[in-house]
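# Fold and geometry: a report
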Amino acid sequence: STRNCPWKMNQLPPKSPVASPVSESTNSRVEALDNLSMDSFWLEVENIKQSAEAEQEECSLADVKTQEEGEAEAEWLQDAGLSELLGDPASDKDNLVLLSTLTRTQAAAVQRRLDTYSRSRRRKNKHPVRDVRDIFGVASSEETATEKEESTPDPLWHNLRTSNTQRKTQDYSCTVRNPGKEEVFNMDVAYSEQAAVLLKGSLLSESRKLKEGNALIRFKIPKGRLGVTRIGDLSAQDMKKIPTLALIELTALCDILGFELKRNKAAKLKTTEKRLFGVPLNTLLENDQKLLPNTKVPLLLQALLSCLEKRGLETEGILRVSGSQTRIKSLEQKLERDFYSGLFRWDEVHQNDVSGLLKRFIRELPAPLLTAEYLPAFAAVQNIPDLKQRLQALNLLILILPEPNRNTLKALLEFLSKVVARENNNKMNLWNVSTVMAPNLFMHKGLPNKIPEGKEKQLAEGAADVVRMMIHYQDLLWTVSSFLVAQVRKLNESNSKRYQFCDKRIKNLLRKIHADKDKVEKNQGEPSKIVKVHASLLLKDSLEVHLNNATRVADVLRQFQKNLCQNGWNIVNTVNLLKCNNSVECTNLLLYEVGGNIGEHCLDPDTYLLDLYHINPHAEWIIKQNPSCPRMF
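Just so we're clear, the structure is a prediction, and the values are computed from it rather than from any experiment.

What follows deals with the environment of Pro 368. Relative to the helices and strands, Pro 368 resides in the loop between helix H15 (351–364) and helix H16 (375–380). The class for Pro 368 is buried, based on a relative accessible area of 4%. The spacing of Pro 368 and Asn 440 is 72 residues in sequence and 9.1 Å in space, taken between C-alpha atoms.

Okay, here's the thing in C-alpha cells:
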C-alpha cells in the first residue's frame, strides 16, 4: 500500500452534485483495466519506498499552507492574466483586451471566480473590489440571488443539481465509440463550448454510457483551411499568451464537466548543493546553456535517454527491472563529479542502472515534472468519463506547463514511445511502461497526502491510464488548438488598435471589435491576389506568387524550388539549402507568417494562403530553412 510510503499521489475529486455519474463511468473504465496487470506499478512504488527509506532525511514532507477563502480565486485571476480585476481600475485596458477574446463559457468561468472572490472580500470587511457587472454587464436575477445567498453555488451548479434531481440516471458522456474507427478531434471550436453543447443535448435525451473499455481510439485532427499549429510553430512572444488562455479554457471546461480545478501551492524544499540531481529545471537549463546555447532539455536527461536508446531498447524488462540501489547512488555521485567534465564512462554502466538513474532524476526534481500546481489536475483527468474530453483537458494542461517542463516531458514521452515500439524484444508494452512511469510522475516527496482510504487501487490505475494517454496521444497533445491561435490573433489585433474603453461592459467592447472584423470579412471575397514571398537569408530576390483559393504553402515552396533550379537565382548561401544528396528539396524549407496579428508562425504545408492573407493581410511571408534539417559546413 502507498500509505506506508512518504511520497504520495494526489487526487482531485469531482464536485458532489455530479459525483455519481462521473464515478460510475470512471469505475466502469477502471474495471475494464483490471485484466491489465498493476504488478509493475506496486513494484515501482516499493522500489521508491526503499530508496526513500535509505535517505529519510531528504524525503521529509514539506508543510503546505492551507489557503484561505478567496485566496485560490485570487491566485487563479493572477495566473489567468487578470490580476488587475482584484482592485486596480487603472489597468482596465489590458484586462478588457484579454476578456474581449473569450468565448461565452470562458467568460462565465472568469465571472464565477470574481463572484467568489468578491463575496470572500465582503465577508472580511475589506475594501470592496470592483463589481463584476462593471466587467460583464448587468447580472441576471438568478445570479443576483446567488450572490445574496453566500452558501449557494453558482447558477451552473444549481442547474446541474436540479437536472440530477429530475433525471437521476443522467450521464455526461458522449456516444458509444467504435475503437476500430477513426474519430474527428475538433480543435476549431473551444472545448468548453463543445462540452456545453453535449451537456445541453444530454439533458434532453436518454442517458448514454461510454463503453470504450481500455481501447485507445484513433483520433484525427481535421485540417482546416489554415492548417494545424504545433507547439514550437509559434514565436516565444505569442506562446507566452497561450498558457493564460489555456488556463481560462481548462477552467471553463472543468466547470461544464462538473469538476473543481484546484491547484497545489508549490512546496518550499531545502536547497541543494548538487549540480544535477535535485536541481530545478530552470537552473539546470541555465547551466547547460552556458555550455550549449539554445539547450531546451537538460543535458543530463539527454545523455540518459541517448544511452538507453543506443543500448537499452532491446533489453528485456527495461524500466521495469530495477538496478541496484547501491550502484545507482554511486553512479549519481560520479555523475555529479564527472558529467560536465566529460569523464563519465557511459559504456561501463548497466542499462537497468541507467533506467534507474532516469527515474531517479525525474523523482528528485524539487518540484514535480508536471508541476506542483497542476499535478492534482493531471491526476483528476482520469475522472472525466469521455476519452475525447480527457484528451482535451490533457492538451490544455500541457499548454499550461512552463516551457522547460513541457520540453522535458516531451523528450521523455518520445523515448517511452520508442520503448513501446520494441515491445516484442523488451517485453514492455504500453501498459507496462505506463504503470512503471506513473509512480515516478505522480508521487512526490514535496506534496501532502490526499489519498482517501480505499482509493489507492483506483488512483493508481487512473494515474497509469493518464501516462498511457500522454505516451500514445503525444502528437495530438502537443498541438495548439486553432481556437487558441485565433484568440492570440485577436489579442494582438486589440493591443495594436488600442480601443477607447469608455464603456466598461464587455458586450459593447465585443460589438465594436466584431464590427471591425465584419469590415475585414467584406474584403475577403477577392478570388485571387498577387503577393511577394521573401527569402532574404537565402536569396537576394523575392518570389512573386499568384494566390487563388487552391494555393497552399506546399505549392509555393515547390514553385520556389523550381525557380531556384531553373532560373539560376543568386543564392546567398548554397550550403544552407543542400541536403546530404546535394539536391535542393522543398522539404528543407519552411514558410513563415511574420507580423500583422501574429509574431511569427511556421505554417503547415497544407495551409491555404489566400485564406491566411484575408485573416492577416499585413503579414510578411518569409521562406527559411527547416532548423531540423542537417547542415553541411
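Taken as a whole and judged by the stated rule, the model has eight aromatic pairs. Ring plane angle 55° and centroid distance 5.8 Å describe the contact between Phe 219 and Tyr 473, whose orientation is recorded as tilted. With Phe 219 in strand E2 (residues 218–220) and Tyr 473 in the loop between helix H21 (456–472) and helix H22 (474–477), this pair connects stretches of sequence that are 254 residues apart. Of the residues examined, Phe 219 reaches a relative accessible area of 13% and is grouped as buried. We classify Tyr 473 as buried; its relative accessible area is 5%. On the numbers, 5.2 Å between centres and 70° between planes, the contact of Phe 339 with Tyr 340 is edge-to-face. Since its relative accessible area comes to 13%, Phe 339 is described here as buried. Classification of Tyr 340 as partly exposed rests on a relative accessible area of 24%. What links up through ring pairs into an aromatic cluster is the set Phe 185, Tyr 191, Phe 219, Tyr 473 and Phe 483. Sitting over the ring of Trp 76, Arg 113 keeps its end group 5.7 Å from the ring centre. The residue whose ring lies beneath Arg 225 is Tyr 608, and the NZ or CZ to ring-centre distance is 3.8 Å.

Among the seven residues of strand E7 (residues 589–595), five are classified as buried, and the element is accordingly described as predominantly covered. As defined by bridge partners, E7 adjoins strand E9 (residues 620–625) across six bridges and the pair is classed as antiparallel. By the bridge assignment for E9, Val 594 is matched with Glu 620. With four bridges joining them, E7 and strand E8 (residues 598–602) adopt antiparallel strand pairing. Its bridge partner lying in E8, Val 594 is registered against Glu 600. Linkage of E7 to E8, two consecutive antiparallel strands, is achieved through a turn of two residues, within which Gly 596 is found at a positive phi near 75°.

The rules behind these values
- Residues numbered from 1 in each chain as written.
- Predicted model: local features only at pLDDT ≥ 70, side-chain atom pairs only at ≥ 80, totals over all residues.
- Heavy atoms only, no water.
- Helix = DSSP H or I, 4+ residues; strand = E, 2+ residues; numbered from the N terminus.
- Buried < 20%, exposed > 50% of the residue type's maximum accessible area, 1.4 Å probe, protein only.
- Phe/Tyr/Trp six-rings, centres within 6.5 Å; stacked < 30°, edge-to-face > 60°.
- Lys NZ or Arg CZ within 6 Å of the ring centre and 35° of its normal.
- Pairing = 2+ DSSP bridges.

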